[in-house]
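Below, each chain spelled out in residue letters.
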Amino acid sequence: MNILLQEDIIISPLGFSTSENLKAIKAGNSGLQFHENSRFPNGGFYAGILDASLLADNFSVIGDSTKFTKLEQMMLLATQSVLNNNELDLSETALIISSTKGNIDLLGNSKNFSKDRASLNSLARVIQEFFGFKLKPIIVSNACISGGLAVAIAKRFIQAGKFNNAIVVAGDLVSDFVTSGFQSFQALSATPCKPFSKNRDGISLGEAAAAILVSNNKREGTNISLFGDASTNDANHISAPSRTGEGLYKSIQQALKESKLSASEIDYLSAHGTATIFNDEMEAVAFNRAALFHVPVNSFKGFYGHTLGASALIETILTKHSLINNELYPSLNFEELGVSKPLNIVQKFEKKELKTALKTASGFGGCNLAMILKKSFNG
Amino acid sequence: MDRAKNHFITNSIRIKNEEIFLKKDTILSLDSKIDFSQFLKDSYKKLALNYPKYHKMDSLCKLGILGSTVLLRGQDFKANTALVLSNASSSHDVDIKHMQSMESIVSPAVFVYTLPNIVLGEISIKYKLQSENVFFIEDKFNADLLVDYSETILNSGKALSVVCGWIELKNDQYDVLLCLVSNNGEIPFTKENLEELYRFENE
């Protein structure tokens, strides 16, 4: 059964639609800017933060922004956009929510909202009730692979016959909670992050929401299918990536196997590329073990920062559009290769015939994910 | 093609109210007056876990390691055993600790536990499970989701067996059910049977 990736949207500092995001990427614009923050000795940090008043303006078209948190507004807008373009029966369309920390800052200072609004159950309920989804939302919270894993879970349930259509919605914020934590890890870059570069020094955080319709209904024209997917735990360390890239390597092998494809058939690789020393090195090791070193590869983190539970969905959507448009987008902020194995980093915008792509992600807890996207034409 | 009937609840454990049950038998019952941290310490000793890493973990991971150790002791399970766990409160128990430290000094050793799927990582490390993992958030125990999702990964060949369950921790109140699901056993892996194991001693 072909599982298709259909309408999508990205809401980020780069824009309120996928096309606005793609336009910014093609222009080489980054959402990462310096933001003042008293936690930092130099007065602030680089992050991709969505302008709250701009968001409220956009949200006012569908609801009262004072009644919803920033993250809720982002995720509601994303869901609305996918629903606008489809006549979906909400009594049988699944809603799959992905987030790592949701409205976590409400746990401390809940301001205008009740404290239980901090829970992911509450976040899911807000989205479900706003639109009237009848099926109970499925909530995936699996660190930085969440957004991609949620798409894989949609595919698995559709293949098992549980439903035919699922809207996957992912979102995370640059919360004080997460910022203070990554700062304590000394994992935040002093500059906009530089994935796979020699002088990379950590991640930049970002916030965004995204949504996509995953469906088994074929459309006329170009279709992008999720052909294979696999997730494998490293079983090595809860916060440090495996030095051998074991879990990521195994995920890639399993996803290729399910797709009945070999590494030589992959035209493009969308990496996780957080720009920490150890993550990028681990990915380079895993990609080389999987014989993918020649495949054009990029990280989108230089554009968005690390958007945590949203990142793997955003990057899946961008990978999908790379395939549709036959375009390779540069790995922003890349300078000189700084991993121990060769990689074919995309350094400038390029038009190229693309049929098959691999999307990978890795996260805390030792989790890894690989997904194979394939283009077909239904004429 | 209904292959569901080939899967069985091979083993199960329950942790609740200072007690640990293996299948439906009490294997540890501690004084109900002890507090939660004492329960975690005493259980570790009485069950002879001998896994020093345990002491570094947050409480949710300790519950997961306690539960999985009892569940998997003496069981013949493959490295390709998936983990499918769920709860309502995510990692809020340790999230609150991190949040309280934000006014002063934040500890990376606390922050690293502020994701619900870290317990999956800890169980994977202890049992060398390089396998499919997922953590679902649900407002209450949901046998439907656990059975449906476990079945999809078993039937698609993504795993040979599954550890699935519920691992909730809020305000020092804990509620754990873990099941090993495989081709071996007598209790068919159904929603009704999973629900029954959860309801047992839980009224």
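Structure: see above.
Keep in mind the model is a prediction, meaning the values are calculated, not measured.

## Considerations on the sheet that holds strand β3 (residues 44-48) of chain A
Argument step 1. Within the open sheet, the three strands sit side by side as β2-β3-β7 (chain A). Their pairing is mixed. On the outer flanks of this sheet lie β2 (33-36) and β7 (205-206) of chain A, each paired with one strand and no other.

## Side note on the packing of aromatic side chains
Argument step 1. Evaluated as defined, the whole model comprises 24 aromatic pairs over all chains.
Argument step 2. Note on Phe130 of chain A and Phe131 of chain A: the rings are 4.9 Å apart at their centroids and 70° apart in plane angle, and the pair reads as edge-to-face.
Argument step 3. Classification of Phe131 of chain A as buried rests on a relative accessible area of 14%.
Argument step 4. Taking 6.1 Å as the distance between ring centres and 70° as the angle between the ring planes, the aromatic pair formed by Phe185 of chain A and Phe111 of chain B counts as edge-to-face. Of this pair, Phe185 of chain A sits in the loop between α6 (176-184) and β7 while Phe111 of chain B sits in helix α4 (residues 108-111), on two different chains.

## Examining the interface of chain A and chain B
How big an interface is tends to be reported as the loss of accessible area on association of its parts.
Argument step 1. Counting residues at the interface gives 52 residues for chain A, matched by 43 residues for chain B.
Argument step 2. Across the chain A/chain B interface, buried area totals approximately 3800 Å², and carbon plus sulfur atoms make up 61% of it.
Argument step 3. The largest per-residue losses of area from chain A upon contact with chain B belong to Arg156, Phe177 and Ile238 of chain A, which jointly make up 17% of the total buried on that side.
Argument step 4. The tally of links from chain A across to chain B stands at seven salt bridges.
Argument step 5. Close ionic contact of Glu138 of chain B with Lys136 of chain A constitutes a salt bridge, the shortest N to O distance being 2.5 Å.
Argument step 6. For the interface between chain A and chain B, the tally reads 26 residue pairs in polar contact (both at pLDDT 80 or more).
Argument step 7. Taken together, the elements giving at least two residues each to the side of chain A that touches chain B come down to α4 (120-131), β5 (138-140), α5 (146-159), α6, β9 (221-231) and α7 (246-259) of chain A.
Argument step 8. Tallying contributions element by element places α6 of chain A first for the side of chain A that touches chain B, with seven residues.
Argument step 9. In terms of residue class, the side of chain A that touches chain B is built from 22 nonpolar, 16 polar and 14 charged.
Argument step 10. In terms of strand pairing, β5 of chain A meets strand β5 (residues 133-137) of chain B through two bridges, oriented antiparallel. If you follow Ile139 of chain A over to β5 of chain B, its bridge partner there is Ile137 of chain B.

## Some words on the pairing of strand β1 (residues 4-11) of chain A
Residue and element names in this part refer to chain A.
Argument step 1. Burial runs high along β1: seven of the eight residues are buried.
Argument step 2. Bridge count between β1 and strand β8 (residues 208-215): six bridges; the pairing is antiparallel. Of the residues in β8, the one forming a bridge with Ile11 is Ala209.

## Concerning the environment of Asn217 of chain A
Residues and elements named next belong to chain A.
Argument step 1. Within the secondary structure, Asn217 sits in the loop between β8 and β9.
Argument step 2. Residue Asn217 is classed as partly exposed on the basis of its relative accessible area, which comes to 41%.
Argument step 3. A sequence separation of 214 residues divides Asn217 from Ile3, and the C-alpha atoms of the two residues are 8.1 Å apart.
Argument step 4. Beyond its immediate sequence surroundings of up to four residues, Asn217 is in contact with Leu4, Gln6 and Asn165.

Conventions we followed
Residues numbered from 1 in each chain as written. Chains lettered and ligands numbered in written order. Predicted model: local features only at pLDDT ≥ 70, side-chain atom pairs only at ≥ 80, totals over all residues. Heavy atoms only, no water. Pairing = 2+ DSSP bridges. Helix = DSSP H or I, 4+ residues; strand = E, 2+ residues; numbered from the N terminus. Phe/Tyr/Trp six-rings, centres within 6.5 Å; stacked < 30°, edge-to-face > 60°. Buried < 20%, exposed > 50% of the residue type's maximum accessible area, 1.4 Å probe, protein only. Contact = heavy atoms within 4.5 Å. Buried area = accessible area lost by both parts, 1.4 Å probe. Salt bridge = Lys/Arg side-chain N within 4 Å of Asp/Glu carboxyl O. Polar contact = N/O pair within 3.5 Å; in protein donor to acceptor, adjacent residues only side chain to side chain. Nonpolar A, V, L, I, M, F, W, Y, C, P; charged D, E, K, R; others polar.

Read these as spatial facts, not as claims about activity.
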